[in-house]
Amino acid sequence: MKPMIKNRPTKKVLAPYLIWRVDREVEHERMLPMPSSHYASDNTRQGIMDVTMGVLMLVLWLISESVLADTEVKESKGKAAATYSSLWLKIQENAEKENQNSQMNRYAATTLSTDVSMKVSGPILRARVRQTFSNPSQFWAEGIYTFPLPVQAAVDRLRMIVGERVIEGQIHEKQAAKSIYKQARDEGKRTSLLSHHRSNVFTTAVANIGPGEHITVEFEYQQVLDFKEDRYLLRFPMVNTPKYTPARTRIDPNFVAPVSLSRTAEEPPGNPVTISLDIKSGFPLASVKSSSHAVKTEQLSETHYKILLAGEAKLSNRDFLLTWRLKLSNEPMVSVLQEDVGGESYGLLMLMPPQGDAKITLPRELVFVLDVSGSMQGESIEQARSAVLKAISSLDSEDRFNVIFFNTNAWKLFPNSQFAEADKLNAARQKILGQLANGGTDMRPALRMALRENEDVERLRQVIFITDGAVSNEAELFSEINQHLGDSRLFTVGIGSAPNSYFMRKAARAGRGMFTYVSQPSEVGHKINRLLRQLAAPALTDIEFDLHGAPVSVLPNPLPDLYLGEPVYVAFKLKSDAYSKSNSIPDFASLSGNLGGVASQVSVSLQGTEKHEGVAVEWARRKINALLEKHKEQGKAQKQDIQSEIVALALAHHQVSKFTSLVAVDVSPVRAGGLLHTTRIPTNRPKGWVGAAASAVPGIRLAQTATDAQYRLWLGIVCLLSALCLLLGLQRRAAWLRNSSHC
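Residues numbered from 1 in each chain as written. Predicted model: local features only at pLDDT ≥ 70, side-chain atom pairs only at ≥ 80, totals over all residues. Heavy atoms only, no water.

Considerations on the overall build of the protein chain
Filter applied, for reference: Where helices and strands are cited, they refer to DSSP runs of H or I of at least four residues and of E of at least two residues respectively, numbered from the N terminus. Residue exposure (1.4 Å probe, protein chains only): buried if accessible area is under 20% of the type maximum, exposed if over 50%, otherwise partly exposed. The contact criterion used is simple: two residues touch if any of their non-hydrogen atoms lie within 4.5 Å.
Looking only at helices and strands, one finds 13 helices and 37 strands in the protein chain. Looking at the protein chain as a whole, 50% of its 743 residues are labelled buried. Relative to all contacts within the protein chain whose residues are 6 or more apart in sequence, the contacts with residues 24 or more apart total 74%.

Have a look at this one:
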């Protein structure tokens, strides 16, 4: 008898094996090692197949997004139709709604109320904004609110108020401030964070608001007011307008997506706001009025007024506008403010230069660019039509003109600019009146069309861009203007109750033009007439500011062109080695430039300058903005150096910037475990915007303004065809390899 020996299977594997033959009646399998070349090719095929499947999945997503972007989903019982831009978003939103409905009895959303107190001294406004976050639920809450501020705002102070306790905020580098906030939040401490989001948009976050508790976030900002003709202009934004983002911009790694969270048409408005102002103008005032809200006015003297918003702005769905007009005077308007901080001297000059009654003698070409996208429906498109009709009616017969319309695409009224003759003007009027507002808001094709096609170099080319500016790709548009402006001049006209002021101002600055706003139908005539007077008058160009050899840092640099009725603002800082230890400002300065090709110069007395707080803040804000512009244009190594310079400057002046934030932390923990419910507080819908279900009412269907379905559909088709060709090629190669292995 042979001994029974049990063979134990080994686990040693040298290489993948290919099964050569399997005998079902015998447990032993004869296996042949695969050649290494075949093994490599198999891995390659598998990798390519994985990539192909990934491409196919991407194509399916692109096509679903492009199809669903134009699909309105009807809801029962007369509810507003909802438009979804992708299948994933649709599923997520439905899931969120179901979750919200199931939690409705347990959670009450964090609410917000705002009180704004402003003090005006000459051209400088100092504002204190108190945002009170309330938690009516029985759970601990975190509230997050994203909101716009004036474009010129410099935020430099934060306090968190809990009952009688006040916690001062500290300035930190942005990521460090975020880490401090998150750690305090997770440790159950009351904490608040104020950070810059994008352009002129900021975000406040408050964590660990107890059940039934109120926490107030108070911050302060400063701005230098605009002055046009004979009046100061104040615009305080109260709503964050939803913005269109082209598909090409979304793939930019440096792009910061906007937060567009608005209440639906069925939801009641929220975020009530109260506003008060204390105006000390320094000059006698002729009138004070608001074109947006009802206000109560109290006159204390010729130069001192108090303004109070009549009741609450419960419908904080449009910008708050206030103007105060100065009494006419033959005295030159000059204001020089000075502040000494940390042993350094800062100055702010405001001067209305002499401009006379000269008119442009060069022949002109005027190009009107009209936004007819979906966001312009309702009041906005009516105002825009009126503005263009008013403008073309004022043209001289020697002027040439054209009109460009744009939404997702751009097209011209005439192939080439035409003389302003009666038949051409009538054709333009009919075409303008026949335009309907729909589609996306892609400005780049219109800008290219307006700036690149300069047909007559001997004419002064003026481009008037009329839009609500509801876009988020501002950086791309500014780059387009800088590259293709040439000898043209770009003027922006903001339309509607809450236009994108950031885009309007910076586009006009980049285009060496000016900006204006039309917020009410009744303002069209006055605002456009004023713009046309400024277009007809020569600008003061090549402006230089000279402190007679004193080593100074002047901002902005270079100084922008000035148009009729506009003052020049110059912020300057004396360098540390200037004029002895006191760093005193010289007695005189000079402002020179060219007016209609004629050299012009004015001497400004700096004696008896007024000591004023906030001058250093304004210089620091301008310096930070100048460095940010430089930061965009540099390579990676230079970017880091400039970022470090911005952070150091912002920390020194306690200012919120792209790279710095303010954070406040209460050292005592109040929440020991338990759920922290986070709520993003929505803004109100801008005035004039309505849901799709109420399309009979003049307004805007939000879904129509931001779809790029055609672009995505074509991209999806191209990717699909490429993937199919790749798949067919792989199948043929796999068949060839199989045949080769059998041979």
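Back to the write-up after that little detour.
Comments concerning the packing of aromatic side chains
Here is the rule: A pair of Phe, Tyr and Trp rings is counted when the ring centres sit within 6.5 Å of each other, with Trp represented by its six-membered ring. The angle between the planes then sorts it: under 30 degrees is stacked, over 60 is edge-to-face, the rest tilted.
Using the criterion set out here, one finds 13 aromatic pairs in the structure. For the pair F401 and F414, a centre-to-centre distance of 5.8 Å together with 90 degrees between the ring planes defines the contact as edge-to-face. A residue pair is termed long-range when its members are at least 10 positions apart, and F401 in strand β24 (residues 400-406) and F414 in the loop between β25 (410-412) and β26 (418-419) qualify at 13 residues. Note on accessibility: F401 and F414 belong to one class, buried. With centroids separated by 5.3 Å and ring planes inclined at 75 degrees, the aromatic side chains of F491 and Y563 adopt a geometry described as edge-to-face. With F491 in strand β28 (residues 489-495) and Y563 in the loop between β31 (552-555) and β32 (568-574), this pair connects stretches of sequence that are 72 residues apart. Across the pair, exposure class does not vary: F491 and Y563 are buried alike.

Focus: the sheet that holds strand β20 (residues 320-326)
Applied cut-off: Any two strands with at least two DSSP-identified bridges between them are counted as paired. Between N-to-C directions, angles cover 0 to 180 degrees, with each direction set by a line fitted to C-alpha atoms, over the stretch in contact for helices.
Across the sheet, four strands lie side by side as β14-β15-β20-β17; this open sheet has antiparallel pairing. Taken across any chain shown, the strands that pair with only one partner, and hence form the sheet edges, are β14 (226-228) and β17 (285-289). Each adjacent strand pair in this sheet contributes to an overall mean axis angle of 20 degrees, direction not counted. Judged from the three bridges that link them, β14 and strand β15 (residues 231-236) form a sheet pairing that is antiparallel.

Concerning the sheet that holds strand β30 (residues 540-546)
Ordered by their spatial adjacency, three strands build an open sheet running β30-β33-β34, and the pairing between neighbours is antiparallel. Of all strands in the sheet, those bounded by a partner on one side alone are β30 and β34 (598-605). The sheet shows a mean angle of 20 degrees between the axes of neighbouring strands, taken without regard to direction. Relative to strand β33 (residues 588-595), β30 runs antiparallel, the two sharing five bridges. Within β33, the residue paired with L540 across the bridge is L595.

Quick word on the packing of helix α11 (residues 615-633) against helix α12 (residues 636-652)
Each pair of packed helices can be summarised by the angle the axes make with each other and by the distance between the axes. Stated precisely, the cut-off is as follows: Roughly parallel here means an angle under 35 degrees, roughly antiparallel means over 145, roughly perpendicular means 65 to 115, and every remaining angle is called oblique. Helix crossings are classified by the rotation of the near helix relative to the far one: an anticlockwise turn of less than a right angle makes the crossing left-handed, while a clockwise turn makes it right-handed. For this scheme, ten residues count as nonpolar: Ala, Val, Leu, Ile, Met, Phe, Trp, Tyr, Cys and Pro. Four count as charged, namely Asp, Glu, Lys and Arg, and the remainder, Gly too, count as polar.
It is the contact of α11 with α12, at a shortest axis distance of 9 Å, that shows an interaxial angle of 165 degrees. By the angle class used here, α11 and α12 are roughly antiparallel. Pair α11 / α12 crosses with left-handed handedness. Here α11 contributes W619, A620, K623, I624, L627, L628, K630, H631 and K632 to the contact with α12, which in turn contributes K639, I642, Q643, E645, I646, L649 and A650. Residues that form the contact of α11 with α12 fall into these classes: nine nonpolar, two polar and five charged.

As for the packing of helix α5 (residues 379-393) against helix α10 (residues 524-536)
Between α5 and α10, whose axes approach to 10 Å, the crossing angle comes to 45 degrees. Judged on the interaxial angle alone, α10 and α5 are oblique. Relative to α10, the crossing made by α5 is right-handed. Contacts from Q383, S386, A387, K390 and A391 in α5 reach V524, G525, I528, N529 and L532 in α10. Looking at the contact of α5 with α10, its residues break down into five nonpolar, four polar and one charged.

Re the environment of A422
Position of A422 among the secondary structure elements: in helix α6 (residues 422-433). Along the sequence, A422 and S393 sit 29 residues apart, while their C-alpha atoms lie 9.7 Å from each other.

A look at the pattern of salt bridges
We count it as follows: Between Lys or Arg on one side and Asp or Glu on the other, a salt bridge is scored when a side-chain nitrogen of the former is within 4 Å of a carboxyl oxygen of the latter.
Tallying each qualifying case throughout the model produces 38 salt bridges. For the salt bridge of R126 with D156, the shortest nitrogen-to-oxygen distance reads 2.7 Å. Of this pair, R126 sits in strand β6 (residues 124-134) while D156 sits in strand β8 (residues 154-162), and the two are 30 residues apart along the sequence. Between R126 and E220 there is a salt bridge, and its shortest N-O distance comes to 3.0 Å. Separated by 94 residues along the polypeptide, R126 in strand β6 and E220 in strand β13 (residues 214-224) bring together distant segments of the chain. In this structure, a network of salt bridges that share partners links the residues R126, R130, D156, R157, R159, E168, E218 and E220.

Overview of the nonpolar core
Keep this limit in mind: Only buried residues count toward a nonpolar core. Its members are Ala, Val, Leu, Ile, Met, Phe, Trp, Tyr and Cys residues joined through side-chain atoms within 4.5 Å.
Y221 and W324 are the most contacted members of the largest nonpolar core, which has 73 residues in total. The element best represented in this core is α11, accounting for seven residues. Contacts of W324, omitting those with residues within four sequence positions, involve V120, L225, D230, R231, Y232, L234, I279, L285, S287 and V288. A384, F405, F491 and M514 belong to the second-largest nonpolar core, a separate cluster that totals 37 residues.

Observations concerning the pairing of strand β11 (residues 189-198)
For β11, the buried fraction is high: nine of the ten residues fall into the buried class. Two strands pair when backbone bridges link them, and β11 and strand β36 (residues 660-669) are joined in this way by five bridges, in the antiparallel orientation. Directly across from L193, in β36, lies its bridge partner V663. As paired elements, β11 and strand β12 (residues 201-209) share seven bridges and run antiparallel to each other.

Comments concerning a nonpolar patch on the surface
The line we're drawing: Patches in this entry comprise residues that are over 30% relatively accessible and not in a salt bridge; like charges within 9 Å are linked, as are nonpolar side chains (Val, Leu, Ile, Met, Phe, Trp, Tyr) within 5 Å. A 1.4 Å probe and the Shrake-Rupley method give the accessible areas. Residues count as covered only by the protein chains that appear here.
A surface patch of nonpolar side chains, about 310 Å² in accessible area, is lined by I717, L720, L721 and L724. Considering the arrangement of structural elements, one finds L720 in helix α13 (residues 709-742). The exposure class assigned to L720 is partly exposed, which follows from its relative accessible area of 31%.

Some remarks on the confidence of the model for the protein chain
Short version of the rule: pLDDT runs from 0 to 100 and stands for how confident the predictor is about each residue.
Per-residue confidence for the protein chain gives a mean pLDDT of 80, with 77% of residues at or over 70. Across residues 64-107 the pLDDT falls below 50, and counting only partners more than four positions away or on other chains, this stretch makes 55 contacts in the model. Note on residues 691-708: pLDDT is under 50 here. Beyond four places in sequence and across chains, it has 58 contacts.

Considering α11
Spelled out, the test is: Here a helix's expected span is defined as the number of its residues, less one, multiplied by 1.5 Å.
Under the 1.5 Å per step criterion, the end-to-end length of α11 is 28 Å for 19 residues, consistent within 8% with the ideal 27 Å. When we look at burial in α11, the residues that qualify are V615, A616, V617, E618, W619, A620, R621, R622, I624, L627, L628 and H631.

What about the pairing of β31?
Alternating positions in β31 separate into two faces, V552 and V554 on one and S553 and L555 on the other, with burial throughout. Note: β31 against β32, four bridges, orientation antiparallel. Directly across from L555, in β32, lies its bridge partner A571.

Details of the environment of D226
This is how it is decided: Contacts described as polar in this section are N or O atom pairs within 3.5 Å, which, within protein, must combine one atom able to donate a hydrogen with one able to accept it, while residues neighboring in sequence count only if both atoms come from side chains.
Structurally, D226 is set in strand β14. Look at D226 and you get buried, because its relative accessible area is 17%. Considering only alpha carbons, one finds D226 and Y569, 343 residues apart in sequence, at a separation of 9.6 Å. Setting aside anything within four residues of it in sequence, one finds D226 in contact with Q152, R231, Y232, L233, R505 and F515. Here the side chain of D226 touches R505 through a polar contact of 2.6 Å, side chain to side chain.

Quick notes on α12
The cut-off we apply is this: The arc in question is the one spanned by the directions pointing from the helix axis to the C-beta atoms.
The first and last C-alpha atoms of α12 sit 24 Å apart over 17 residues, in line with the 24 Å expected at 1.5 Å per residue. Buried within α12 we find I642, I646, V647, L649 and A650. For α12, the buried positions fall inside an angular range of 165 degrees around the axis, keeping them on one side. Seen from the open side of α12, the exposed residues pointing more than 90 degrees away from its buried face are A637, D641 and A652. Summarising the contacts, the buried residues of α12 are in contact with β10 (170-173), α11 and β36.

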